[in-house]
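Structural description and commentary
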Amino acid sequence: MSATEGGEDVQADQAGASTGTGVDRRTAMKAALGGAVAAAVWTAPRIEGLSVAPDYAAAATCTSGNMAGWTVNSDNSGLTGTAEDWGNGGGGRQDMGARAAGPFTINAYVQGSVNDDNGRISVTVNGIDPPFQRVVANVAGNCNNGGGFRSNFGTITFNTNGTSGEQLIDCQGGGNFTQADPNGQVRLNVSGTCL
Amino acid sequence: MAAGQRPIHAAGLAQRTVHGRIVAWGDGEPPVVLGPAVQAAWPFLDGTATVAELADDLAGAAGMPGRDALALLTMGVLDLATAGLVTGVEPLLERWEDRPGRPRVLSRTERIVDGVRQMVTELAVQRRDLDRATGDQTSLGEAAGPTSCTGRRLQLDRPAEVVTVAVRGRPLCVRTDDPELARWLAPVADDSLGSGPVAAFVTRDPRPGTGHRYAVYDGNTFLVGDGTDVAAAQAAVVACLVSHHPPADRPGLAVRAQAVERDGRLVLGPRDVLRRPRGLHRQLRRSGVRPVAPSLLIVDGVEPVVAVPRARTLADLDELVLDRFDLRGFWLQGDAALRADPARTLAALLRGLPADPGQDRQALLDRIADLVSTTPCLVTSEPRPRLTDLASTVAAHLGAPSR
């Protein structure tokens, strides 16, 4: 069940929101915010600390989990049929969508060309209860041209929730004007463990 | 209806403003730091203004759409209620699956064993839930599953003997599979008081060559002793027994903490500060630093001094002596963001220093905040440093010359 109200309720309540002390409250709130703009107020955590295990909980219980591997085959995206791209159909970005690895939620995407030093992958992990859990993400792959698959991602360890940022993935060799891009495959595996 | 409710500060909440940010601590919940929107509305959560009225003012103050402000403040109030900081929003909470008081479900599994369907729900429990369910007859360590991380650490998956002894008129138990330790406990064993919570878990692993390696955990799963010396393990068991229940007439403020000391100086940290305890213990010992055995420490209300309750011998468990140490600072593990924000540092520290039932949280919050502002607070950051470097840093914190 959502904590927010449906549209009708909100409208009904807002209609009676004004009070005689509202102006003073607004002034005080403005001073408390210290000039913070809406985006800063909206994006900042409402409360910091709720995500940690309360009291002794984390010491008593710890859950690990693995994510089924995500495999992406490069897509032929060039007009002449020679360019290969990690995204779907002529560029863009391919999202894995949220997947569970036990209690952890994993998001990832790939985009860019198989060649040209601009293929990228990014992985985001949520649900870690530090310091009792750790999530390890690994990126590997292969190329059909006999060249090497290059991954700057390799293995990244998340001790807290966060994102890897975009990391280079590509195939070495091929991909010039006279040579078709190689086909590539990239594989993401994620495992979460208790410490 | 969320927007029409009038949230009000919960009775007995503790709060403190640290560098402009509010650290608030509700009963039975971990302390938190309020975000900017919630903090702006915080002074007005007095039961007179509705969430809608507050959201309307927040929208005007922050220059954000009213609907966004209402959504933000509604969730903020739910967060506050979850943290035990506001009441007056019960109708909203009833409609919220994650409402306070509901056990946090970690996983649900279903399996068929010999044709019988078994459903297993894994829950996160809090100490107060455990006390409520067992009447303080079960320690946290006993609640761990035998094959869980904690259970394996405490060797609950192995058979062991449970010896009951009386401490200040109450039964407490020691769990051990070591015949020598059991024989040592025999003279004070007393089954006439019935069963009690396990206050000490003694684990034993074969040591290469001869003998064993011992580890002693208290009822709250703090590692309070680790080594090959039987006498040290026995001392750790005594420390667990005398500190399981706080002494009634204690001076100062009792906290559950992990402390390390060197030459009468002490650094105090949350439970998880020795998160890789055994290896870190070894490195600390090489720097002349040793963990303080009991997890129950008594912080002086005036001087930067910490008293550690101790019994002289196993036969004198009711006669406590207090060893006094100069508090040289605090130590916690966290990231750079934690280190940069004093309010977050304080909240993180207090989250790892759980108050015993009946503890005056405002007094503890104020005292720890005062001490953090006047003594060094060491925050070791991820990625984790090498254990030797970490031990040297902590030793330097205690005044040891660099190695």
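Residues numbered from 1 in each chain as written. Chains lettered and ligands numbered in written order. Predicted model: local features only at pLDDT ≥ 70, side-chain atom pairs only at ≥ 80, totals over all residues.

1. Describing the overall build of chain B
Within chain B one finds 14 helices and 20 strands. A burial count over chain B gives 47% of its 403 residues as buried. Sequence-distant contacts in chain B: of pairs separated by 6 or more residues, those separated by 24 or more amount to 60%. (Helix = DSSP H or I, 4+ residues; strand = E, 2+ residues; numbered from the N terminus. Buried ≥ 20, exposed ≤ 12 C-beta atoms within 10 Å, placed from the backbone. Contact = placed C-beta atoms within 7 Å.)

2. Remarks on the overall build of chain A
When helices and strands are counted, chain A shows four helices and 14 strands. Relative to its full complement of 195 residues, chain A shows a buried share of 38%.

3. As for the packing of helix α12 (residues 342–351) of chain B against helix α13 (residues 361–374) of chain B
Residues and elements named next belong to chain B. Direction vectors running N to C along α12 and α13 enclose 125°, while the axes themselves pass 11 Å from each other. In this view, α12 runs oblique relative to α13, as classed from their interaxial angle. Of the two elements, α12 crosses α13, and the hand of that crossing is right-handed. Of α13, the residues touching α12 (which contributes T345, L346, L349 and L350) are L365, I368, A369 and V372. (Axes fitted to C-alpha atoms, helices over the stretch in contact; angles between N-to-C directions. Parallel < 35°, antiparallel > 145°, perpendicular 65-115°, else oblique. Left-handed = near helix turned anticlockwise from the far one by under 90°.)

4. Focus on the sheet that holds strand β2 (residues 14–18) of chain B
An order of β1(A)-β4(B)-β3(B)-β2(B) is seen for the four strands of this open sheet, with the pairing classed as antiparallel. The sheet terminates laterally at β1 (47–48) of chain A together with β2 of chain B, the two strands that pair on one side only. Bridge count between β2 of chain B and strand β3 (residues 21–25) of chain B: five bridges; the pairing is antiparallel. Looking across to β3 of chain B, one finds that V18 of chain B is bridged to R21 of chain B. Packing of α12 of chain B onto the sheet brings it into contact with β1 of chain A together with β2, β3 and β4 (32–34) of chain B, and relative to β3 of chain B it is tilted by some 15°. (Pairing = 2+ DSSP bridges.)

5. Focus: helix α2 (residues 51–62) of chain B
Given 3.6 residues per turn, any residue in an α-helix points the same way as the ones three and four places further on. All names here are of chain B. The terminal C-alpha atoms of α2, which comprises twelve residues, lie 16 Å apart, in line with the 16 Å expected from a rise of 1.5 Å per residue. Judged by how many residues are buried, α2 sits mostly within the fold: eleven of twelve residues are covered. Among the residues of α2, V51, A52, E53, L54, A55, D56, D57, L58, A59, A61 and A62 are the ones counted as buried. In the segment just after α2, G63 is the residue with positive phi, at about 70°. (Expected span 1.5 Å × (residues − 1).)

6. A short note on unusual backbone geometry
Residues and elements named next belong to chain B. Phi is positive for H19, close to 50°, though the residue is something other than glycine. Assignment of secondary structure puts H19 in the loop between β2 and β3. The backbone of Q155 shows a phi angle near 55°, a positive value even though the residue is not glycine. Mapped onto the elements of the fold, Q155 is located in the loop between α7 (149–153) and β8 (161–167).

7. Here we look at the nonpolar core
A41, L58, L73 and V216 of chain B are the most contacted members of the largest nonpolar core, which has 122 residues in total. Residues M67, A101, F104 and I128 of chain A belong to the second largest nonpolar core, which totals 25 residues. (Core = buried A, V, L, I, M, F, W, Y, C linked by C-beta atoms within 7 Å.)

8. Observations regarding the pairing of strand β13 (residues 253–256) of chain B
Side-chain direction in a regular strand flips from residue to residue, so the side chains alternate between the two faces of the sheet. Residues and elements named next belong to chain B. Where burial is concerned, the two faces of β13 agree: the one with L253 and V255 and the one with A254 and R256 are both buried. Two strands pair when backbone bridges link them, and β13 and strand β17 (residues 296–299) are joined in this way by four bridges, in the antiparallel orientation. Within β17, the position partnered with A254 by the bridge is I298.

9. Quick notes on the sheet that holds β8 of chain B
All names here are of chain B. Strand order in the open sheet formed by five strands is β8-β9-β10-β11-β12, and the pairing between neighbours is mixed. Each edge of the open sheet carries a strand with a single partner, namely β8 and β12 (223–227). In this sheet, neighbouring strand axes are inclined to one another by 15° on average, regardless of whether the strands run parallel or antiparallel. Across four bridges, the pairing between strand β9 (residues 170–176) and strand β10 (residues 198–206) is parallel. Note on β10: the bridge partner recorded for T176 is V202. In this fold helix α9 (residues 230–243) packs onto β8, β9, β10, β11 (212–218) and β12, with an angle of close to 175° to the strand it touches most, β12.

10. What to know about the environment of P206 of chain B
Along the chain, P206 of chain B turns up in strand β10. Spatially, the C-alpha atoms of P206 of chain B and T228 of chain B are 9.9 Å apart, while their sequence positions differ by 22 residues.

11. Comments concerning the packing of α2 of chain B against helix α3 (residues 66–82) of chain B
All names here are of chain B. Interhelical geometry of α2 versus α3 gives an angle of 125° and a closest axis separation of 8 Å. For the element pair α2 / α3, the angle class is oblique. The element α2 and its partner α3 pack so that their crossing is right-handed. On α3, the residues that touch V51, A52, L54, A55, D56, L58, A59 and A62 of α2 are G66, A69, L70, L73, T74 and V77.

12. Details of α9 of chain B
Residue and element names in this part refer to chain B. The end-to-end C-alpha separation of α9 is 20 Å, in line with the 20 Å expected for 14 residues at 1.5 Å each. Across the 14 residues of α9, ten count as buried, placing the element largely inside the fold. Among the residues of α9, those classed as buried are A233, Q234, A236, V237, V238, A239, C240, L241, V242 and S243.

13. Things to note about the confidence of the model for chain B
Summarising the model, chain B shows a mean pLDDT of 84, and 87% of its residues fall at 70 or more. The complex prediction reports pTM at 0.65, with the ipTM value standing at 0.72. (pLDDT = per-residue confidence, 0-100.)

14. Comments concerning the environment of F158 of chain A
Residues and elements named next belong to chain A. Tracing the backbone shows F158 in strand β11 (residues 155–158). Residue classification places F158 among the buried positions, given that 24 C-beta atoms sit within 10 Å. Separated by 24 residues in the primary sequence, F158 and R134 place their C-alpha atoms 5.9 Å from one another. With near-sequence residues (within four places) excluded, F158 lies in contact with V125, I128, R134 and V135.

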